[in-house]
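# Fold and contact review
Here are the chains, one letter per residue:
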Amino acid sequence: TSIVALNYYFLKKLIGSGTALLSSFFIALSPLYLGFARSERFFSLVLPTFYPFIYFLSTGSFFWTGIFWSVMLNFHYTPLIFLPIILIKIRSRANLGQFILGTALPQIPLIFHLPMLIKFLVWIPYRIATQPFAKNFQPPLSVPQFITSLFTFSLHISWPLFALFHTAVLIAIYDPKTRILAVAL
């Protein structure tokens, strides 16, 4: 399918053909990916847009990084986890401006469709206010309990997204010129 081809194409550009071929081979044989490819859910479009996003992030094209990040956000809010990585990579105000412009462009329909924007803005306080009265609401956790539950959630429920996040971290600190991992700070 297209994910295997996208994986090979972008990883070949970033890291090299051997790694790209091996990674594509593992994806093609992965039962998790095969099950994901068969599902017809709106958030399944996050994965094809992840590859251009991570490519443009690693090459420093922040306008296109913003475009693809914003498109991923249109399908699901899980790409918000990449925001700290993006902010680490952005080192100047010019890059931040490019990223904000790129992020804003795909959101123009939401901004100019006033009834939808109003419904969205009204929904946020409603969601916050009704959360304590939800059927399965649990009281706030202590910091150690929160970290433990976040780790458990990441490993058991969303480990594919957890793996994508760690891949993004590694690629964000990967320097293609020297072909070594470099600290991004």
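Residues numbered from 1 in each chain as written. Predicted model: local features only at pLDDT ≥ 70, side-chain atom pairs only at ≥ 80, totals over all residues. Heavy atoms only, no water.

## What to know about the overall build of the chain
The secondary structure content of the chain amounts to 11 helices and two strands. Ordered by position in the sequence, the α and β elements of the chain form the string α-α-α-α-α-α-α-α-α-α-α-β-β. When the 185 residues of the chain are sorted by exposure, 29% land in the buried category. Within the chain, contacts between residues separated by at least 24 positions form 60% of all contacts whose residues are at least 6 apart in sequence. (Helix = DSSP H or I, 4+ residues; strand = E, 2+ residues; numbered from the N terminus. Buried < 20%, exposed > 50% of the residue type's maximum accessible area, 1.4 Å probe, protein only. Contact = heavy atoms within 4.5 Å.)

## Topic: the nonpolar core
Core analysis: the largest hydrophobic core is formed by 24 residues, its most contacted members being Phe 53, Trp 69, Phe 82 and Ile 86. If one sorts the elements of this core by residue count, helix α4 (residues 46-59) sits on top with nine residues. (Core = buried A, V, L, I, M, F, W, Y, C linked by side-chain atoms within 4.5 Å.)

## What to know about the packing of α4 against helix α5 (residues 62-75)
The interhelical angle for the contact between α4 and α5, taken along N-to-C directions, is 160 degrees, at an axis separation of 8 Å. In terms of their interaxial angle, α4 and α5 are classed as roughly antiparallel. When you trace α4 past α5, the crossing you get is left-handed. Residue-level contacts link Val 46, Thr 49, Phe 50, Pro 52, Phe 53, Phe 56 and Leu 57 of α4 to Phe 62, Trp 64, Thr 65, Phe 68, Trp 69, Val 71, Met 72 and Phe 75 of α5. Looking at side-chain class alone, the contact of α4 with α5 contains 13 nonpolar, two polar and no charged residues. (Axes fitted to C-alpha atoms, helices over the stretch in contact; angles between N-to-C directions. Parallel < 35°, antiparallel > 145°, perpendicular 65-115°, else oblique. Left-handed = near helix turned anticlockwise from the far one by under 90°. Nonpolar A, V, L, I, M, F, W, Y, C, P; charged D, E, K, R; others polar.)

## Things to note about α5
Spanning 14 residues, α5 covers 20 Å between terminal C-alpha atoms, matching the ideal 20 Å at 1.5 Å per step. Listed as buried for α5 are Phe 62, Thr 65, Gly 66, Ile 67, Trp 69, Ser 70, Met 72 and Leu 73. Looking at the buried residues of α5, the elements they touch are α4, α6 (83-89) and α7 (93-104). (Expected span 1.5 Å × (residues − 1).)

## Some thoughts on the packing of aromatic side chains
Overall, the coordinates contain 13 aromatic pairs when judged by the stated rule. Centre to centre, the rings of Tyr 9 and Phe 10 are 5.0 Å apart; their planes meet at 80 degrees, and the pair counts as edge-to-face. When its relative accessible area of 44% is taken as the criterion, Tyr 9 is described as partly exposed. The class of Phe 10 is buried, set by a relative accessible area of 10%. With centroids separated by 5.3 Å and ring planes inclined at 65 degrees, the aromatic side chains of Tyr 55 and Phe 56 adopt a geometry described as edge-to-face. When sorted by exposure, Tyr 55 lands in the same class as Phe 56, which is buried. An aromatic cluster is present here, built from Tyr 9, Phe 10, Tyr 55, Phe 56, Phe 63, Trp 64 and Phe 68 joined pairwise through their rings. (Phe/Tyr/Trp six-rings, centres within 6.5 Å; stacked < 30°, edge-to-face > 60°.)

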